[in-house]
Each structure stands twice: as structure tokens, then as C-alpha cells.
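# Secondary and tertiary structure notes
In case you want the letters, here they are:
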Amino acid sequence: SQTIHQWPATLVQPVGSPLSLECTVEGTSNPNLYWYRQAAGRGLQLLFYSVGIGQISSEVPQNLSASRPQDRQFILSSKKLLLSDSGFYLCAWNKGTVSYEQYFGPGTRLTVT
Amino acid sequence: DQQVKQNSPSLSVQEGRISILNCDYTNSMFDYFLWYKKYPAEGPTFLISISSIKDKNEDGRFTVFLNKSAKHLSLHIVPSQPGDSAVYFCAASHFGNEKLTFGTGTRLTIIP
């Protein structure tokens, strides 16, 4: 069966510091990978998605970037965090050629102070 | 432009009764619809989906109804249980699109 991992689970970072969140998927190959953010009291905002290694699509111009160095690894980064980057970050995967359903990781709670 | 709308931010239902969560969409290209359930500080979990070739899909206590002419879908939970208290997200996509478009969610509270 497939499993998706995210770490860290929680993170408190000062404004202006860098960020690196990691997501890995087990039990499947060549998945589509997604980064979402849920701000307090808001819905799910798609930030980036990737259909293959090195292929990144950005949905929202912002202070963040994403990379996919390996087939089942997706990284969300920032060089300098802003207060507005606080939120709950979710990674998800699906087998894009097979189904629409996306499966989410446990999330990372980021607080920028 | 909010293409998927959940106009009720919250809903309270007595335990054992029916919960009905609603979702409207504007993009006529959408042909596949999904419902997710989310507990606080956890990732959403997939509940049930429906293709536009159907108007109803049932899975245990959960039933999704699709009205294409009205661009409206609803999730029925019968009977409602305390563990159903969560935020429910509606999502939509169409053939050839790798992305899901999510609504803003409805917080369901089941009252014991």
C-alpha cells in the first residue's frame, strides 16, 4: 500500500529565515505530487504540482519554491520567510493517469514569528 | 474566481439525523467531483466521488448526489455520528486536468 510522509510536523521560524519542508511517497512510482497551504479558517490553496522529476508548475506567485529531486520526493522551500507564510502545509499525491483522487500527508504546521 | 463554492461555512446536526452538505460549481468543464473530510491538524481524507455520467453514488452512510443542470452536488450522511464532526471539502476536476479545485469547506458539528 502507498504511504505519504511529511516532516517536520510543526515548525516555528522567525521572519527572514529559510524554509525546507519535505514530502516523500512510498509504494508507488511516478506519482503526481502536490503542495497545498491551508491558512487559518481558509480552504485548500494549491501552491505547486509536479508530474515528473524536475517538472514543477507554480499556481500562485509567492515567496515559495518547490523542487522534485527524486521520483517520490517533493520539497517546498523559501529563502526568506514572511509572516504571511504561516499556515498548514499539505503534500498530496495521485496516479494522474489512473484516477483523480489525491491522497494527503499529515501536514506541517508552520508558524512564522 | 471561486469555481467551487461551499456557501455554508458551518452546519450543526443532531446525532442520528441526516447531514446534508452542499457544493456549487461554475465551470461546466468539471466532470468529476470528490468529497474530502478533514480533522484539525491532519491531512484531508478522501470520502467519496462521483463522475458526471452518474447522478448518485453511495458508499455506506455516505451518498453524493449530482445535479449537472444546476451545477450542484450534495453529500448526505445518514445517520450522522459524533465522529463525523470535521471540515468537509468539495473538489472538482475534468479530464486531462492534473489538478483539483477545492471549495472553502463546511465545518460539520454533530451534537450528541
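Refer to the structure printed above.
Report follows, based on the coordinates. (Residues numbered from 1 in each chain as written. Chains lettered and ligands numbered in written order. Predicted model: local features only at pLDDT ≥ 70, side-chain atom pairs only at ≥ 80, totals over all residues. Heavy atoms only, no water.)

## Regarding the overall build of chain A
Applicable threshold: Numbering of helices and strands runs from the N terminus, with a helix taken as a DSSP run of H or I at least four residues long and a strand as a DSSP run of E at least two residues long. Taken over C-alpha atoms, the radius of gyration is set against a globule rule of 2.2 Å times the number of residues to the power 0.38. Residue contacts follow a heavy-atom distance rule, with two residues in contact if any of their heavy atoms lie within 4.5 Å. Only the protein chains shown count as cover for residues, with accessible areas throughout obtained via the Shrake-Rupley method and a probe of 1.4 Å. By the counting rule applied here, Lys and Arg register as positive and Asp and Glu as negative, while His and the ends of each chain are not counted. By convention, the charge on Lys lies at NZ, on Arg at CZ, on Asp at CG and on Glu at CD.
When helices and strands are tallied, chain A shows zero helices and 11 strands. Along chain A, helices and strands appear, N-terminal first, in the series β-β-β-β-β-β-β-β-β-β-β. Compactness check: chain A gives a C-alpha radius of gyration of 13 Å against a globular reference of 13 Å for 113 residues, within 12% of the reference. Considered along the principal axes of its C-alpha atoms, chain A spans approximately 40 × 25 × 20 Å. Within chain A, contacts between residues separated by at least 24 positions form 55% of all contacts whose residues are at least 6 apart in sequence. Summing over all exposed atoms, chain A offers an accessible surface of approximately 5300 Å²; the carbon and sulfur share of this is 52%. If you average the places of the 8 positive and of the 6 negative side-chain charges in chain A, the two averages end up 7 Å apart.

## Details of the pairing of strand β6 (residues 55-58) of chain A
All names here are of chain A. To keep things clear, this is the line we draw: A pair of strands is labelled paired if DSSP reports no fewer than 2 bridges between them.
Sheet analysis places strand β5 (residues 44-52) next to β6, joined by three bridges and oriented antiparallel. Pairing of Y49 across the sheet is with S57, part of β6. In this structure, the hairpin formed by β5 and β6 is closed by a connection of two residues, where G54 is found at a positive phi of approximately 75°.

## Topic: the interface of chain A and chain B
Selection criterion: Note: buried area is the sum, over both parts, of the accessible area (probe 1.4 Å) each one loses when the two are combined. We define a salt bridge as a contact between a side-chain nitrogen of Lys or Arg and a carboxyl oxygen of Asp or Glu at a distance within 4 Å. Any pair of nitrogen or oxygen atoms within 3.5 Å is treated as a polar contact; in protein, a donor-acceptor pairing is required on top of that, and neighbouring residues in sequence qualify only through side-chain atoms on both sides.
Each side of the interface is counted separately: chain A has 20 residues, and chain B has 22 residues. The junction of chain A with chain B conceals about 1600 Å² of combined surface from both sides, 62% of it contributed by carbon and sulfur atoms. Of all residues in chain A, L44, Y100 and E101 of chain A give up the largest surface area on contact with chain B, accounting jointly for 40% of the area buried on that side. For the interface between chain A and chain B, the tally reads one salt bridge. K99 of chain B is the partner of E59 of chain A in a salt bridge, and the nearest nitrogen-oxygen pair spans 3.2 Å. Remark: the boundary between chain A and chain B carries seven residue pairs in polar contact (both at pLDDT 80 or more). Those elements that place two or more of their residues in the side of chain A that touches chain B are β4 (32-38), β5, β9 (87-94) and β10 (103-104) of chain A.

## Some words on the packing of aromatic side chains
Aromatic ring pairs are defined here through the distance separating the ring centres and the angle between the ring planes. The condition that has to hold: Two aromatic rings, drawn from Phe, Tyr or Trp (for Trp, its six-membered ring), form a pair once their centres lie within 6.5 Å of each other, and the interplanar angle then sorts them: stacked below 30 degrees, edge-to-face above 60, tilted otherwise.
Inspection of every chain in the model, using the stated rule, returns 15 aromatic pairs over all chains. Put simply, the rings of Y34, Y36, Y49, W93, Y103 and F104 of chain A together with Y36, F46, F89 and F102 of chain B pair up and form one aromatic cluster.

## Topic: the environment of F88 of chain A
Here F88 of chain A lies in strand β9. Separated by 37 residues in the primary sequence, F88 of chain A and V51 of chain A place their C-alpha atoms 23 Å from one another. Beyond its immediate chain neighbours, meaning those up to four positions away, F88 of chain A contacts Y36, R37, Q38, P106, G107, T108 and R109 of chain A together with K38, A41 and E42 of chain B.

## Here we look at the state of the cysteines
Applicable threshold: Here, a disulfide means two cysteine sulfur atoms that sit within 2.5 Å of each other. The classification of residues rests on relative accessible area computed with a 1.4 Å probe and restricted to protein chains. Under 20% of the type maximum is buried, over 50% is exposed, and intermediate values are partly exposed.
Evaluated as defined, the whole model comprises two disulfides over all chains. A disulfide bridge connects C23 of chain A with C91 of chain A, and the sulfur atoms are separated by 2.0 Å. Note on the C23 of chain A and C91 of chain A pair: the S-S dihedral is about -75°, so by sign convention the disulfide is left-handed. Within this pair, whereas C23 of chain A is found in strand β3 (residues 19-26), its partner C91 of chain A is found in strand β9, the two being separated by 68 residues in sequence. Linked covalently through their sulfurs, C23 of chain B and C90 of chain B form a disulfide whose S-S length is 2.0 Å. Disulfide C23 of chain B to C90 of chain B: torsion about the S-S bond roughly -70°, handedness left-handed. One end of the pair, C23 of chain B, is in strand β3 (residues 19-25); the other, C90 of chain B, is in strand β9 (residues 86-93), and 67 residues separate them in sequence. Taken as a pair, C23 of chain B and C90 of chain B share a single burial class, namely buried.

No statement about biological role is implied by the geometric values presented.
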